[in-house]
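What the coordinates show
Each chain is listed here by its residues.
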Amino acid sequence: MRVTRVTNTGRVLAHVRTACMRILVGADAGLEVDIPPVGVVIGADPGGDVVLADPSVSARHCTIRPTAAGFDVTDLGSKNGTVIDGVAITKVTAPPGAVLRLGHTLLQLMPGDDVVDIPPSAADHFGEMYGESVAMRQVFAVLERAARTDASILFLGESGTGKELAARAVHDASPRRDGPFVTFDCGAATETLIESDLFGHVRGAFTGAAGDRQGAFAAAHGGTLFLDEIGDLPVGLQPKLLRMLEAGEVIPLGSRKPERFDVRVVAATHRDVFAEVARGGFRGDLYYRLAVVEVHLPPLRQRHGDLPRLIARFLERAGAPALAAGVGGPALERLERYHWPGNVRELRNVITRAVALAGPDDDFGALPILLRPTMAAADEPPAVRADRPFGEAKAELIDRFERDYLTDLLRRADGNLSQAARLAGLERKYLYRLLERVGLRTPAAARGDEPAADAPDDGADDGA
């Protein structure tokens with residue numbers, strides 16, 4: 001099986017599900033080992049394939065072998081057992097992303113990474129998404145191909161990058177374009193009613209359920225269901241969603257009879273789902289089922305050259321098409337220097353507000369463009385303010401911290417990724433993903449325009 005993934009640096013990755021295991025907790029935490037097709041024997045015996053220092057692990061504890069369905073895990077009569085999801089197993093086929101407990105050690109079964117290049121699209125738009133930058137045309141290239149299929153798509157990226165717009169564009173370009181497009185916000189639904197809202201309920205399922213009600217899946221039958229902020233979906237409901245994706249059927253709340261629906265699922269989140277899987281906050285098997293095509297939408301600050309076109313479009317939408325031809329000069333330079341924490345959504349709001357406050361004779365350079373201060377002085381309001389949703393403010397702060405930290409980390413390590421991973425106490429592959437997400441692994445970096453995250457390493461293959 002393959003998972004196609006587009007990073008926010010414009011690289012297109014196809015994840016080939018070769019076997020890999022990562023130690024999450026235990027004496028060997030941080031160790032990552034590739035698993036060959038013949039499998040490995042894990043235990044404390046120095047003669048084994050993977051030797052663990054955990055004293056609670058038996059000499060020959062278990063075997064793990066990759067298969068087309070996942071990983072065959074066999075306990076070898078260990079003293080403390082091999083446990084998956086709290087259940088001691090003798091032999092089981094575990095899905096990618098599953099976490100095993102061996103004594104006091106937790107390890108996760110992971111797919112490896114392989115790289116496949118897809119040329120950027122020649123188009124400057126896909127649906128209502130516009131952009132001439134390489135980063136956006138790479139996204140368009142993958143979506144043009146993926147839209148023709150029924151493959152699930154997972155959009156990742158910061159708030160305001162246009163994930164719902166991308167989902168709608170995929171639907172409009174797909175064979176399901178004549179069917180319904182239904183949006184379900186997993187973060188906005190109440191925890192007590194989310195199951196009913198998503199899967200429906202029958203009369204009497206709970207107090208106040210006076211009649212049957214169809215859920216989002218039923219409403220999207222024959223079309224596309226967009227699950228926004230999928231990272232906020234409660235863990236207890238994730239198996240039901242996985243069942244729908246695998247078997248095409250759900251059981252409404254209060255019913256025992258499954259119902260079948262023909263629905264293509266497209267999901268999105270600003271969360272680091274990969275990290276959530278490692279922490280146990282998101283099921284690994286659901287992540288891999290949703291991310292058949294995983295697309296990172298780049299933040300606006302990384303879409304070099306796209307700002308004038310976007311500004312012109314927002315001016316037209318705001319009822320000022322005559323100003324679109326004059327986009328440029330100091331006003332544009334000021335907008336290009338801004339960091340755009342709210343991304344395209346913030347740009348749209350800035351331009352719409354400027355048009356609303358403009359005088360009758362104002363040209364583009366005279367528009368009253370109001371931007372957030374980039375730094376707060378001692379007598380100014382704090383940098384973190386409560387004038388927007390908590391999740392959005394927190395995500396922006398974390399993103400800014402990660403980029404600043406990783407930029408300084410690369411400087412201290414002179415661009416050597418292995419040294420950077422050691423200094424940060426991170427696994428190399430996880431460090432690579434962080435660098436890609438914040439845009440520090442780009443062709444420009446290799447030319448020396450940015451911190452040299454792609455500089456020669458210590459000879460080891462980065463696996464990305």
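The structure we're discussing is the one just above.
All of the points below concern the structure found in this document. The structure displayed is predicted, hence computed values, not measured ones. (Residues numbered from 1 in each chain as written. Predicted model: local features only at pLDDT ≥ 70, side-chain atom pairs only at ≥ 80, totals over all residues. Heavy atoms only, no water.)

1. Notes on the nonpolar core
The criterion, for reference: Buried Ala, Val, Leu, Ile, Met, Phe, Trp, Tyr and Cys residues that are joined via side-chain atoms within 4.5 Å together make up what is termed a nonpolar core. Buried means the residue's accessible area, taken with a 1.4 Å probe over protein chains only, is under 20% of the maximum for its type, while exposed means over 50%, and partly exposed covers the values in between. Any two residues having at least one pair of non-hydrogen atoms within 4.5 Å are treated as being in contact.
The biggest cluster of nonpolar side chains holds 36 residues, and the ones touching the most others in it are Phe217, Leu225, Leu227, Ile230 and Leu241. If near-sequence neighbours (up to four positions away) are discounted, Leu225 is found in contact with Val182, Phe184, Ala216, Phe217, Ala220, Val263, Arg264, Val265 and Val266.

2. Comments concerning helix 8 (residues 307-317)
For an α-helix the count is 3.6 residues per turn, leaving residues at separations of three or four pointing the same way. Condition: Secondary structure elements are taken from DSSP: a helix is a run of H or I of four residues or more, a strand is a run of E of two residues or more, and numbering for both begins at the N terminus.
Among the residues of helix 8, those classed as buried are Leu307, Leu310, Ile311, Ala312, Arg313, Phe314 and Leu315. Looking at the buried residues of helix 8, the elements they touch are strand 16 (129-130), helix 9 (329-337) and helix 10 (343-357). Gly319 sits one or two positions beyond helix 8 and adopts a positive phi of about 90°.

3. Some details on helix 13 (residues 428-437)
Most of helix 13 sits inside the fold, with seven of its ten residues counted as buried. By the burial criterion, the buried members of helix 13 are Lys429, Leu431, Tyr432, Arg433, Leu434, Leu435 and Glu436. Looking one or two residues past helix 13, Gly439 carries a phi angle of roughly 85°, positive in sign.

4. Some remarks on the sheet that holds strand 8 (residues 70-75)
Keep this limit in mind: For two strands to be treated as a pair, DSSP must find no fewer than two bridges joining them.
Taken in spatial order, the five strands line up as 6-5-7-8-11 in an open sheet, and their pairing is mixed. Both outer strands of the open sheet, strand 6 (50-51) and strand 11 (91-94), are each paired with one neighbouring strand and no more. Bridging between strand 5 (residues 40-43) and strand 7 (residues 62-67) involves three bridges; their strand directions are antiparallel. From the neighbouring strand, Val40 faces strand 7, where its bridge partner is Ile64.

5. Here's the deal with the packing of helix 8 against helix 9
Geometry of a packed helix pair, given as the angle between the helix axes and the separation of the axes. Keep this limit in mind: A fitted line through C-alpha atoms serves as each axis, taken over the contacting stretch for helices, and the angle formed by two N-to-C directions is quoted from 0 to 180°. Here is the rule for angles: anything less than 35 degrees is roughly parallel, anything more than 145 is roughly antiparallel, 65 through 115 is roughly perpendicular, and the remaining ranges are oblique. By convention, the crossing between two helices is left-handed when the near helix turns anticlockwise from the far helix through less than a right angle, and right-handed when the turn is clockwise. Three categories are distinguished: nonpolar for Ala, Val, Leu, Ile, Met, Phe, Trp, Tyr, Cys and Pro, charged for Asp, Glu, Lys and Arg, and polar for the others, with Gly belonging to the last.
Close contact between helix 8 and helix 9 brings their axes to 11 Å; oriented N to C, the two are set at 110°. Viewed along their axes, helix 8 and helix 9 adopt a mutual orientation that is roughly perpendicular. Where helix 8 crosses over helix 9, the handedness of that crossing is right-handed. Note on element contacts: helix 9 touches helix 8 through Leu332, Leu335 and Glu336, opposite Leu307, Pro308 and Ile311. Residue composition of the contact of helix 8 with helix 9, by class: five nonpolar, no polar and one charged.

6. Notes on the environment of Asn343
Within the fold, Asn343 resides in helix 10. Separated by 185 residues in the primary sequence, Asn343 and Glu158 have C-alpha atoms spaced 7.8 Å apart. When sequence neighbours within four positions are dropped, the list of residues in contact with Asn343 reads Glu158, Ser159, Gly160, Thr161, Pro299, Leu300 and Arg301.

7. Quick notes on the pattern of salt bridges
Our working definition: Salt bridges are identified by distance alone: a Lys or Arg side-chain nitrogen within 4 Å of an Asp or Glu carboxyl oxygen.
Taken as a whole and assessed by the stated rule, the structure comprises 20 salt bridges. Between Arg65 and Asp72 there is a salt bridge, and its shortest N-O distance comes to 2.9 Å. The class for Arg65 is partly exposed, based on a relative accessible area of 38%. When the shortest N-O distance is used, the salt bridge between Glu132 and Arg309 registers 3.5 Å. Within this pair, whereas Glu132 is found in the loop between strand 16 and helix 1 (134-146), its partner Arg309 is found in helix 8, the two being separated by 177 residues in sequence. The exposure class of Arg309 is partly exposed, given its relative accessible area of 28%.

8. Let's talk about the packing of aromatic side chains
In this description, a pair of aromatic rings is defined by centroid distance and the angle of the planes. Note the threshold: Pairing of aromatic rings covers Phe, Tyr and Trp, the last through its six-membered ring, and needs centres within 6.5 Å; plane angles under 30 degrees mean stacked, over 60 mean edge-to-face, and all others mean tilted. As a reminder, the over-ring test applies to NZ of lysine and CZ of arginine, requiring each to be within 6 Å of the ring centre and within 35 degrees of the ring normal.
Counted according to the given criterion, the structure contains five aromatic pairs. Taking the centre distance of 4.8 Å and the plane angle of 65° together, the rings of Tyr287 and Tyr288 count as edge-to-face. By relative accessible area, which is 8% here, Tyr288 ends up buried. Over the ring of Tyr130 we find Arg313; its NZ or CZ atom is 3.8 Å from the centre of that ring.

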